[in-house]
Amino acid sequence: MGSENMQELKELNITMTALSREERFDEFFNLFEPTVSLALEEQNFTILIDLYWNRSRTFYQLGDIQSCIADLKKASEWIDEYGTIEQKIKYFNSFAAACGELGNKDKYLEYLNKAKDLAIQYNDLSLLCNIYNNLSVHYIDIGQSEDAVELLTKCLKLSQQFYEENGYDIPAFLHIRLNLAKAYTELHQFSKAEELFKMLFSYIEGKKMVKTSIYVYQYKGLWYKKQKRYEEACEILEKAKGFALNNNDLIQLEEINKTLVEIMTELNDKDRLIAIQKDYINILLKLKEINLNQNLMQIEVSQSNKQYESMTTKDPLTNCYNRHYFEKNVKEWLLDAHKTDDLIGFIIFDVDYFKEVNDKYGHLAGDDVLKRIAYEANLCLANYNSFLARYGGDEFIAILKVENLRELQSIVENLHKHLTSLVIEVNDQKIPIHISIGVSTNYRGMITDEKEIFKLADDALYKSKRNGRNQYTVN
């Protein structure tokens, strides 16, 4: 079980990283606790660091800096002893960014310099760009925008080198251009900033309004303000404010309102100034109430026995039963059937050429395929006395009570027909599904050993594979 759990844990960690990177936050949060539980069970602290760092990054993107720091603090329990060099650089850099958001400039520079020294020592171009980008924010804040432009231009050259060596952009490529646009704005080089804003707005079009996207609106508002185009500045800043409010991002709301107050002061518009200040107070009170309610809900959920039970019996990715639960219950099913002479069907199936699906469409697309197959298979078996489990990888296993062999064959035929009729769309690409199935029975109670009935079904599965795949065999 240990090696199987470890393989599942590694696959889940890849999934979690991809979900965080692609901003599929709801799925990320749903998988977090069961994945952490498995990592703790395996005592894999390196993966635990990854998980908490990814969640801290997600909280940062969503504007919840307090939770971001709490997760970084959790990761710090293991970072010295178990952390890789890359993890230590990420940790220092993320902690610096969080301190910067809270206005603690001393800690910001302390941890940023720790990250920079390690990144230079190990020649990590991607992380070095991220660090230089964060340092540029400090230069802009203290009025040294020329230094910020110089540093960000260096970032662009490093990121181009990274792209040439690896074939894809660094994660911080958007942030570099965002901060460069702000630096040019501060220097009144508006045409250079405008070209960057065109690219930034094109990139975020249709995307969820997370922290970076809101900054694009906010900085464009600053761009208008610097040119004394106040009404245009107010219009776009109000949009940014609305998005930040939806995200419960107190820090960005504070920054946006500060800029709006400055504009109203310059316009000597006392009525609108009073309205903004009143609105700001209401926002603070509302956010405080929301955050308190969320904290109470999280405490209740974490103490829920139902959640604990789900974590120990369900597969985190597909939400069907896990292998451990299946192996525990199949013994009882076979022993009960031995006493009553019931006919038990035993089904094993997997996705043909699943590795090619992962290679061609990506790991997250492969995960989406598995989740859809688990959901549809459960639907097919829902009307029978049965249960389905993910046995490992792309392999699923099910047992069910049937009246006779003919009924079992009909169920399997319908299951195969339904699953292979699925066309799963991921990123506008259609993924056809091919399934191989192997089936055995307990010969009305004659077989009571789960290993024996499993082998019969497994042999039938391999017969389906040898005969051309995408079919079922009853042994």
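What you are looking at is a predicted structure, and each value in this text was computed from that prediction instead of being measured.

Enquirer: Could you clarify how one ought to interpret the overall build of the protein chain in this entry?
Expert: The helix and strand tally for the protein chain stands at 20 helices and seven strands. Each principal axis of the C-alpha atoms in the protein chain carries an extent, and together these give about 90 × 50 × 40 Å. Sorting the 475 residues of the protein chain into buried and exposed places 48% on the buried side. Contacts in the protein chain between residues at least 24 apart in sequence constitute 65% of all its contacts with a sequence separation of at least 6. Carbon and sulfur atoms make up 48% of the accessible area of the protein chain, which totals about 24300 Å².

Enquirer: How should the pairing of strand β2 (residues 386-392) be read in this particular structure?
Expert: Remark: a regular strand shows side chains that alternate across the two faces of the sheet. For β2, the tally of buried residues reaches five of seven residues, placing the bulk of the element in the interior. By the bridge criterion, six bridges tie β2 to strand β3 (residues 395-402) in an arrangement that is antiparallel. Bridge pairing in β3 links A389 to I397. Counting the residues between successive antiparallel strands, the hairpin from β2 to β3 contains two residues, one of them, G393, with a positive phi of roughly 55°.

Enquirer: Is there a simple way to think about the sheet that holds β3 in this case?
Expert: Through backbone hydrogen bonds, the strands of a sheet pair up, either in parallel or in antiparallel fashion. Ordered by their spatial adjacency, five strands build an open sheet running β2-β3-β1-β6-β7, and the pairing between neighbours is mixed. Sheet topology places β2 and β7 (472-474) at the edges, where each strand pairs with a single neighbour. Going from strand to strand, the sheet's axes swing by 20° on average, the running direction of each strand aside.

Enquirer: What exactly am I supposed to notice about the pattern of salt bridges here?
Expert: When the charged atoms of two side chains lie near each other, side chains of opposite charge can form a pair. Under the criterion given, the structure shown has 27 salt bridges. For K371, the salt bridge identified is with E27, shortest N-O distance 2.8 Å. A residue pair is termed long-range when its members are at least 10 positions apart, and K371 in helix α18 (residues 363-381) and E27 in helix α2 (residues 25-42) qualify at 344 residues. Among the residues examined, K371 registers a relative accessible area of 25% and is labelled partly exposed. One salt bridge connects K371 with D368, and the closest N-O pair in it is separated by 3.6 Å.

Enquirer: Looking at this model, I keep getting lost on the environment of N248. Mind explaining?
Expert: Mapped onto the elements of the fold, N248 is located in the loop between α12 (230-246) and α13 (250-267). Taking the C-alpha atoms as reference points, N248 and D124, separated by 124 residues in sequence, lie 34 Å from one another.

Analysis parameters
- Here, residues in each chain are numbered from 1, in the same order as that chain's written sequence.
- With pLDDT at 70 or above as the cut-off, local features in this predicted model cover only qualifying residues; side-chain atom pairs require 80 or more to be listed or tallied, and sums for whole chains, interfaces and linings still use all residues.
- With hydrogens and water stripped out, all remaining heavy atoms of the structure feed into the side-chain values.
- The helix and strand labels rest on DSSP assignments: H or I over at least four residues marks a helix, E over at least two residues marks a strand, and numbering proceeds from the N terminus.
- Burial here depends on accessible area, computed with a 1.4 Å probe over protein chains only, as a share of the maximum for the residue type. Under 20% is buried, over 50% is exposed, and the range in between is partly exposed.
- The contact definition used throughout considers only heavy atoms, calling two residues in contact when any of these lie within 4.5 Å.
- The accessible surface values rely on the Shrake-Rupley method and a 1.4 Å probe; as for residues, cover is taken only from the protein chains in view.
- Any two strands with at least two DSSP-identified bridges between them are counted as paired.
- Angular values range over 0 to 180 degrees, each being the angle between N-to-C directions of two axes fitted as lines to C-alpha atoms, with helices fitted over their stretch in contact.
- Here, a salt bridge means any side-chain nitrogen of Lys or Arg that lies within 4 Å of a carboxyl oxygen of Asp or Glu.

Note that every value here comes from positions in space, so none of it alone points to a role or purpose.
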